[in-house]
Amino acid sequence: ELANKSPSLIVGGCMLNRNQSAHQHLTYTDVAIREAIASGKNHLAFDEKILAKIEYKQSIEQAIKLGLDRKLFSVAYQPIIDLMTEQPIGFEALIRLQTEAGTSISPVNFIPIAESAGLLNDITDYLCDRVSAEAVEIYKLFKNYDTQPYVNVNISPSQLIDVKRTVTALKHAEKSGVKINVEITESGILNDDSARRIFNVFQTEGFSIAIDDFGTGHSSIQHLERYNFSTLKVDQSFVSNIDDPQAYRFLNAIINLARTAATYTIVEGVETLQQKLLLMKMGVRFCQGYYWGHPMKISELEIYLTEKYGFNKARKIDLSM
Ligand code: C2E
Ligand code: CA
Ligand code: CA
């Protein structure tokens, strides 16, 4: 198995320690070899940092298994705003994991571990079930508006994901009346065959696809030209230091590129009034960020929409384009 993954000679080792058995030394050496392969090195000595990393991975894996078992996962929804009306028109669904002790683990940390442990399909199933049930509530909140709300669901472009299963679950979620879009990160999709296959399946099944974290991956202009993307989400890193003239020029260029390559552009990570105003000046229409709202549980979302935007009240506003 190891030989297939790497054609070159891999050397792994560990320090001899009289207090440890020969078996333990062998285990540590094996771990060092596997870590060397995973990190693309051809030699690695076992040390405490590797052990800590492995223990951390194992503890997160345990938390994921427990989370699935005891339903400790939940979904938070962050509004996506149309600057023309400054009203929410859709939401991004973001998964959350609580430990039994009540602390939360970031998806940035647990999604890659879930992926390597083969638990991503179970998490995605859970996410789709929750979104299906909660989209019914979202649809109700929009009943006085002429626009159909949407929920964007993040899908990892992993070859291990069961696409058919996810497509079926997301189609079920659309029975609520809410439109479901799929967000896939740019890094995988443009360079990786299996990610491209996943992209094609969702597109064939009629889902709009938003390319996430646009500007941070490895896309070439040619790739952008070849695909007719529906939506590009400009990564938040381009917005954070907008005060800096160089960063401002870059953001402007990225936004113009996104506009050329896709029908819709959403700028992520907007936190301040100043950022909002600058983006408006650049002609940006769709935004997402703490300035309008943090990701919220469905129960909080109802209060947020009612109190901040007067949703649920008997009025009708045309939010269509
Ligand atoms: P993402 O898809 O780029 O999601 C946006 C992240 O930025 C979210 O972090 C959100 O809470 C955060 N964010 C939103 N507005 C602001 C802002 O104004 N400022 C700053 N600094 N941050 C903001 P979160 O929820 O921790 O999610 C992190 C990543 O985990 C997501 O990045 C996504 O890649 C992944 N993820 C989340 N949920 C899922 C899921 O259900 N499935 C998969 N496969 N990945 C997920
Ligand atoms: Ca996303
Ligand atoms: Ca993003």
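Note that the structure is a prediction, hence the values are computed from the model and not measured.

What counts, and at which threshold
Residues numbered from 1 in each chain as written. Chains lettered and ligands numbered in written order. Predicted model: local features only at pLDDT ≥ 70, side-chain atom pairs only at ≥ 80, totals over all residues. Heavy atoms only, no water. Near = heavy atom within 4 Å. Polar contact = N/O pair within 3.5 Å; in protein donor to acceptor, adjacent residues only side chain to side chain. Areas by Shrake-Rupley, 256 points an atom, 1.4 Å probe, with all protein chains shown as cover. Helix = DSSP H or I, 4+ residues; strand = E, 2+ residues; numbered from the N terminus. Donors = N, O, S within 2.8 Å, 3.2 Å for Na, K, Ca; no water. Buried < 20%, exposed > 50% of the residue type's maximum accessible area, 1.4 Å probe, protein only. Contact = heavy atoms within 4.5 Å. Expected span 1.5 Å × (residues − 1). Arc of directions from axis to C-beta. Core = buried A, V, L, I, M, F, W, Y, C linked by side-chain atoms within 4.5 Å.

Undergrad: How do you make sense of the site of ligand 1 when you look at a structure like this?
TA: By nearness alone, 21 residues border ligand 1, and Arg96, Ser156, Asp212, Glu271 and Tyr290 come closest of all. Between arginine 96 and ligand 1, the recorded distance is 2.8 Å, taken from a side-chain N or O atom to an oxygen atom. Measuring from an oxygen atom of ligand 1, one finds a side-chain N or O atom of asparagine 154 at 3.2 Å. Summarising the interface, the protein chains cover 82% of the accessible area of ligand 1, which totals 800 Å² for the free molecule. Counting only elements with at least two residues in the shell around ligand 1, the list comes to strand 4 (87–98), helix 4 (107–116) and strand 8 (209–214).

Undergrad: Can you help me understand the coordination of the calcium ion (ligand 3) in this one?
TA: Around a metal, the ideal angle is 109.5 degrees if four donors adopt a tetrahedral arrangement and 90 or 180 degrees if six donors adopt an octahedral arrangement. The coordination sphere of the calcium ion (ligand 3) contains the protein donors Asp212 (OD), Asp213 (OD), Glu268 (OE) and Glu268 (OE), at a distance range of 2.2 to 3.1 Å. Each donor residue of the calcium ion (ligand 3) lies on one chain, and together they are spaced D-D-x54-E. In this structure, the calcium ion (ligand 3) lies 4.1 Å away from the calcium ion (ligand 2), the two metals sharing aspartate 212 as a donor. Remark: glutamate 268 occurs in the loop between strand 10 (262–267) and helix 12 (273–281) and aspartate 213 occurs in strand 8; sequence separation between them is 55 residues. Accessibility expressed as a relative area gives 25% for aspartate 213, which makes it partly exposed.

Undergrad: I'm lost on the side chain of threonine 265 in this one. Help?
TA: As for its placement among the helices and strands, threonine 265 is situated in strand 10. Sequence-distant contacts of threonine 265, that is, excluding residues within four places in its chain, are made with Leu232, Val234, Ala258, Arg259 and Phe286.

Undergrad: Where do I start with helix 11 (residues 245–261) in this structure?
TA: In an α-helix, one turn spans 3.6 residues; hence positions three or four apart end up facing the same way. Along its 17 residues, helix 11 runs 24 Å from first to last C-alpha, staying within 8% of the 24 Å computed at 1.5 Å per residue. Burial in helix 11 covers these residues: Ala247, Leu251, Ile254, Ile255, Ala258 and Ala261. In an axial view of helix 11, the angular spread of the buried residues amounts to 130 degrees, which keeps them on one side of the axis. Away from its buried face by more than 90 degrees, helix 11 exposes Pro245, Arg249 and Thr260. The inward-facing, buried residues of helix 11 contact strand 8, helix 9 (221–226), strand 9 (229–234), helix 10 (237–240), strand 10 and helix 12.

Undergrad: Could you clarify how one ought to interpret unusual backbone geometry in this entry?
TA: Backbone geometry at glutamate 86 places phi at a positive 50 degrees, although glycine is not the residue there. Structurally, glutamate 86 is set in the loop between strand 3 (73–82) and strand 4. Judged by its relative accessible area of 24%, glutamate 86 falls in the partly exposed class.

Undergrad: Would you explain the nonpolar core in this entry?
TA: Side chains of nonpolar character tend, in soluble globular proteins, to be buried together. In terms of nonpolar packing, the biggest core is built from 79 residues, with Ile64, Tyr77, Phe110, Val131 and Phe202 touching the most fellow members. The element best represented in this core is helix 5 (residues 120–141), accounting for 9 residues. Residues in contact with valine 131, not counting those within four places in the same chain, are Val75, Tyr77, Ala93, Val151, Val153, Ala173 and Ile180. Grouped together as the second largest cluster of nonpolar side chains are 9 residues, Tyr28, Val31, Ile37 and Ile50 included.

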